[in-house]
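Coordinate inspection notes
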Amino acid sequence: MRKLYLIIMLLGFFRIVSAQISISGHVTTDKNKPLYGVSVSLLNSYDGATTDSLGNYRFTTTEKGERQLEVTISGFNIVYQKLLIGSDSIVQNISLKELITELKAVVISAGSFEASDKNKGAVLSSIDIVTTPSANGDVTSAFKSLPGTQQVGESEGLFVRGGTATESKIYMDGFLVNNFFYSSTPGIATRGRFNPFLFKGTVFSTGGYSALYGQALSAALVLESNDFPERTQADLSVSVVGLGGGIQHLSKDKKSSWGVSYNFTNLWLAFNVIKQKQDYFQVPLAHQADANFRIKTKNGGLLKYYGYLSTNKVGFRNPDIDSIVLKNAFALQNVNTYQNINWKKWLGDGWKIYTGISFSTNKDDITNELQDADNKKVIITNPVFYAYKNYSLINTASYAQARFVFEKKLKGLTAIRFGGDYFYSNEKTTYTLFNGAKLSEKVTDNIYAAFAETDIYVTNSLAAKIGGRLEHSALINKWNVAPRLSLAYKVSNASQASFAYGIFYQNPERKILPTFASIDYSKATHYIFQYTVQTQNYTLRTELFYKKYDDLYKTAPGISGREIAVNNNGYGKAQGIEFFWRDKKTIKNVDYWFSYSYLDTKRNYLNYPAEIQPSFAANHTAAFVLKKFMLPWKTGFNFSYNFATGRPYYNISYDITQAKYRIADQGRTINYNLMSFSVNYLPNLGKTNPKAFVVWVLGINNVLGQKQVYSYNYSNDGSRKEAVTPPASRFVFIGCFLSFGIDRTQDAINNNL
Amino acid sequence: MKKLFLSTMVLFIAVIASAQSEKYIAAMKKNLSVIDSSFKNPPDLLTLSNSFERIGAAEKTQWLPYYYAAFCQVNYGFTIHDKDKIDGFADRAAVLIAKADSLSPNNSEISCIKSMIASCHMMVNPQQRWQEYGPASSSNIEAAMQQDPANPRPYYLKGQGLVYTPEQFGGGCKTAKPVLETAMDKYGSFKPASDINPNWGKPQVENLLKGCQ
């Protein structure tokens, strides 16, 4: 028993005499900056410390022998340091290397604006697109309140940095959308076909964009469609322009969803209340249906389908510019389909594949008649240009695209991406002249493209995107190689400088084809320098750009007076500076942004007789958008003001005797001013378990009825000119949107706070 | 002799084992004693979180050290003003609470921390993040209520959330008060499983109720 006591005594004694050894040191980054808040711990013991503001740590331990020190702080690599603990105190300095993480890394952003709710560097949120009053809920129009775009009202599309609308291409989930807008009508810009709520993210690149996209000299608008709906729900809308309804169904296991929707548009009521400049014998009428499904596949894969079908018709009379009593009656019927199925799959080992196909068709049936005071068709053959005012035109087109992209994630955020595209297009036109003579033409093309790019993150502060695109178009029968480069450098936590360079090629637009001449690609070279300061509450962006155009298409009169591409002798340039400022904080509950663009551009293309400022380009453009949500009133107020200096206009006529074009007359339009206002009222906001969630919308476009002149049309002999103005000085939209099945209160808070 | 050897061995193991748990409890108590004062100098919360994490890493089977490490980390996230940095601490707290969760699944207290982490993420940009983190925060509160109906903390968190939600959106003192009162009732009868088990929040609820009078 005594022995036992002895042992116990010894044991106790042993515990008391365990000597305490001090371990201390200094923790720094690999650039020798002290690190604060680093956890230093002796593995498998409680012993350790956290570094102070000078990067120093100190602790004592009773452990002995060979041990490991674990040194960790988020954003840096973990270091394990072997220690041999004897009887002397230990000094151990540690150096940690910064990890490249999405949170900290610089964003490669030169030339692009992003609208997204998640991604860092996004300038707009998804909802900004629908609450910008001048946009009228149109996907592309909200981008007209950002720098780089023109306030062009007489035709649809995005005119970016001295480029035409056809130089801006629109992609949905990586697939080109050929007829993104409703078919053109003379002098009136049409809307985009797609509902802005289909998309969760948008990247609008005003230049220097990735090698993943091609065939656009100026800009790429990349739309990313939604994955799954949040919940099963039904929607209904009633407005002054039509009715709509839809269902989105999410399966119980949230692994699949489907949706259908239908919209009917009829502007009869609106046009009866708001007098239009045109005399409509067919008010715009449209049926539009779409369907989608999404299925989660194995290992986080996702299969997505979207299909769209629409028909629309419109017909209106304008006074004929060449006579006092005659009228021009234009009528259009259109059928359009678009389908896209794509699949994303992780292949393991950092590899990902993204592949899919899209198919679309478009048919325009257009007639134009010269009519007398009683709206009866008249055929006048002398002078002969009158005869050409009676015609009909049938355009049928089909397009297909197949695409695959492989992506491999390397260390950190560094990644490589490569893939291929195949585009098929088949466009047929049948032109029927006043005398019944028919002219038919067909333009088909097969474009093959291969692309590769790599994102290289050297450190969190320095990144580069280097890529290239190789393309072959059957129409041109040549290969082109387009290098792309983008650099980004983080100057401080909130600010970064970026640079982008790229060469872009594009085929001629359909309206100057077919041609017998041997033609090449038209080409643009972009240089962009950007400086951005961005925090949660403020964004300031400045961009300086220079764009050089080479090999632009020149045209000459073809059969039936149509302009046909004859060579690539055109050229041009665009340069300028742009500012964007957004502030969500200075004024409480008010969010506003301001953008300004200065553009200096000239080009010699199509039938231009010299290098001149194109008629779609203004020198100064500015926009101001302000949003405020008044919680007690459950109402949101949105205001916008767009301004642009006057644009040049020309009467370019063909001099038959000299066989060349000349400027017969020119001028500059008045400045463009547009003030718009919208109100959203959410009566069921905050009600617990409302049967339906309701949003009332009132929108007034051009509140002050300011006079707008987009351009001028000239009579055949050039003696008369007529201003191209909006169809009405003002437009008012009133609508009610209902959602059933779920409480959309959260959306409302989300969207409008 | 054999007997003696055996009994010595048993004793030795017992001494070590008791020393281990004594040491654990003592270390935990030491850390817990400074939690309240750490809130006055928030960087101390990070030091404390690291200290709890070390205990967790050494113990390997105890959920409480990781729970408190996450608690300190997320509370630090709530105190910082630089919104661009908040996510980093919330993410760190999420890693820590996941470790606690794997050691003690379906734990009401752990669900409370998960809810706090979601709220912390949401705080960076409530307008944009409501949709993602709002449901994550409230579903964890509901889970916590189900996992342990006697736990007052989910009621505290729910009540606190309601106080700071505008009346128009179904928040405000009027709706928060009954929830906070339920929390007070539950604090009255709540007995933590041990000295080192979670037992916080009562004074905060009292303050919230005072503010709602």
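Residues numbered from 1 in each chain as written. Chains lettered and ligands numbered in written order. Predicted model: local features only at pLDDT ≥ 70, side-chain atom pairs only at ≥ 80, totals over all residues.

Regarding the overall build of chain B
When its secondary structure is counted, chain B shows 10 helices and 0 strands. Ordering the α and β elements of chain B from the N terminus gives α-α-α-α-α-α-α-α-α-α. Taking the principal axes of the C-alpha coordinates as reference, chain B spans close to 80 × 40 × 30 Å. For chain B, with 213 residues in total, the buried portion stands at 40%. (Helix = DSSP H or I, 4+ residues; strand = E, 2+ residues; numbered from the N terminus. Buried ≥ 20, exposed ≤ 12 C-beta atoms within 10 Å, placed from the backbone.)

Description of the domain arrangement of chain B
Residues and elements named next belong to chain B. The domains assigned to chain B are domain 1 (36-149) and domain 2 (150-213). Using C-alpha coordinates to define each centre, domain 1 is positioned 18 Å away from domain 2. The partner domain 2 presents 9 residues to the 11 residues of domain 1 that form the contact. Here the side of domain 1 that touches domain 2 gets 5 residues from one element, more than from any other, and that element is helix α6 (residues 108-124). Class assignment of the residues belonging to the side of domain 1 that touches domain 2 gives a composition of 7 nonpolar, 2 polar and 2 charged. (Domains from an automatic or database assignment. Contact = placed C-beta atoms within 7 Å. Nonpolar A, V, L, I, M, F, W, Y, C, P; charged D, E, K, R; others polar.)

Comments concerning the environment of N197 of chain B
With respect to the secondary-structure elements, N197 of chain B resides in the loop between α9 (173-189) and α10 (202-211). Sequence separation between N197 of chain B and C120 of chain B is 77 residues, and the spatial gap between their C-alpha atoms is 23 Å.

Some details on the sheet that holds strand β6 (residues 79-85) of chain A
Strand pairing in a sheet takes place through backbone hydrogen bonds and is either antiparallel or parallel in direction. Taken in spatial order, the 4 strands line up as β3-β2-β5-β6 (chain A) in an open sheet, and their pairing is antiparallel. For this open sheet the edge positions go to β3 (48-50) and β6 of chain A, each flanked by a neighbour on one side alone. Each strand of the sheet is rotated relative to its neighbour by a mean of 15°, with strand direction disregarded. Sheet contacts for helix α3 (residues 43-59) of chain B: β2 (39-42) and β3 of chain A; angle to β3 of chain A, the most-contacted strand, approximately 155°. (Pairing = 2+ DSSP bridges. Axes fitted to C-alpha atoms, helices over the stretch in contact; angles between N-to-C directions.)

Considering the packing of helix α5 (residues 83-103) of chain B against α6 of chain B
Residues and elements named next belong to chain B. Put simply, α5 and α6 touch, their axes get as near as 9 Å, and they point 165° apart. With respect to their mutual orientation, α5 and α6 come out roughly antiparallel. Where α5 crosses over α6, the handedness of that crossing is left-handed. Side by side, α5 and α6 meet where K83, I86, D87, A90, A93, A94, I97, A100 and D101 of the first sit next to I110, I113, K114, I117, C120, H121, M123 and V124 of the second. Here the contact of α5 with α6 is built from residues that sort into 12 nonpolar, 1 polar and 4 charged. (Parallel < 35°, antiparallel > 145°, perpendicular 65-115°, else oblique. Left-handed = near helix turned anticlockwise from the far one by under 90°.)

Focus: the sheet that holds strand β10 (residues 168-172) of chain A
All names here are of chain A. Pairing is mixed in the open sheet, where 5 strands are placed in the order β9-β12-β13-β10-β11. Since the sheet does not close on itself, it has two edges, and those belong to β9 (112-116) and β11 (175-176), each with one partner. Examined bridge by bridge, strand β12 (residues 199-205) and strand β13 (residues 219-225) share 6 bridges and lie antiparallel to one another. What sits directly across from F199, in β13, is S225.

Considerations on the pairing of strand β39 (residues 731-740) of chain A
Residue and element names in this part refer to chain A. Here strand β14 (residues 233-239) pairs with β39 via 6 bridges, running antiparallel. Bridge pairing in β39 places S239 opposite G735. Strand direction decides the pairing type here: strand β36 (residues 692-701) and β39, joined by 10 bridges, are antiparallel. Residue N701 lies in a different strand from β39, and its bridge partner there is F731.

Here's the deal with the domain arrangement of chain A
Structurally, chain A comprises domain 1 (2-96) and domain 2 (112-752). Once you take the C-alpha centre of each, domain 1 of chain A and domain 2 of chain A turn out to be 62 Å apart.

What about the nonpolar core?
In a soluble, globular protein the nonpolar side chains are often hidden away together inside. All names here are of chain A. Membership of the largest hydrophobic core comes to 77 residues, with the highest contact counts inside it found for Y171, V177, A220 and L221. With 5 residues, β13 is the largest single contributor of residues to this core. In this structure, V177 is in contact with I170, Y171, M172 and Y338, ignoring residues within four places of it in sequence. (Core = buried A, V, L, I, M, F, W, Y, C linked by C-beta atoms within 7 Å.)

Considering α5 of chain B
Its 21 residues give α5 of chain B an end-to-end C-alpha distance of 32 Å, which sits within 8% of 30 Å, the value for a rise of 1.5 Å per residue. Taken together, the buried positions of α5 of chain B are occupied by I86, F89, A90, R92, A93, L96, I97, A100 and D101 of chain B. (Expected span 1.5 Å × (residues − 1).)

Regarding the confidence of the model for chain A
Across chain A, the average pLDDT comes to 89, with 94% of residues at or above 70. Confidence over residues 743-753 of chain A falls short of pLDDT 50; this stretch has 28 contacts with residues more than four positions distant or in other chains. (pLDDT = per-residue confidence, 0-100.)

Quick word on the environment of F76 of chain A
All names here are of chain A. Mapped onto the secondary structure, F76 falls in the loop between β5 (65-72) and β6. When the C-alpha atoms of F76 and T542 are compared, they prove to be 32 Å apart, with 466 residues separating the residues in sequence. When near neighbours in sequence (up to four residues on either side) are disregarded, F76 contacts L96, K97, E98 and L99.

Quick notes on unusual backbone geometry
All names here are of chain A. Between N382 and P383 the backbone carries a cis peptide bond, its omega angle lying at 0°. Considering the arrangement of structural elements, one finds P383 in the loop between β20 (351-371) and α4 (384-387). Omega for the bond connecting L513 with P514 falls within 30 degrees of zero, at -5°, which places this linkage in the cis form. Of note, P514 is situated in the loop between β26 (495-506) and β27 (522-534). Look at R161: it is not a glycine, yet its phi comes out positive at around 45°. Looking at the secondary structure, you find R161 in the loop between α2 (126-131) and β10. Note on R161: 30 C-beta atoms within 10 Å, which makes it buried.

With respect to the packing of α3 of chain B against helix α4 (residues 63-79) of chain B
Residues and elements named next belong to chain B. Two elements in contact, α3 and α4, have axes whose closest approach is 7 Å; the angle formed by their N-to-C orientations is 160°. In terms of orientation, α3 and α4 fall into the roughly antiparallel class. The element α3 and its partner α4 pack so that their crossing is left-handed. Of the residues in α4, those in contact with L45, L46, L48, S49, F52, E53, I55, G56 and E59 of α3 are P65, Y66, Y68, A69, C72, Q73, N75 and Y76. Broken down by class, the residue content of the contact of α3 with α4 amounts to 11 nonpolar, 4 polar and 2 charged.

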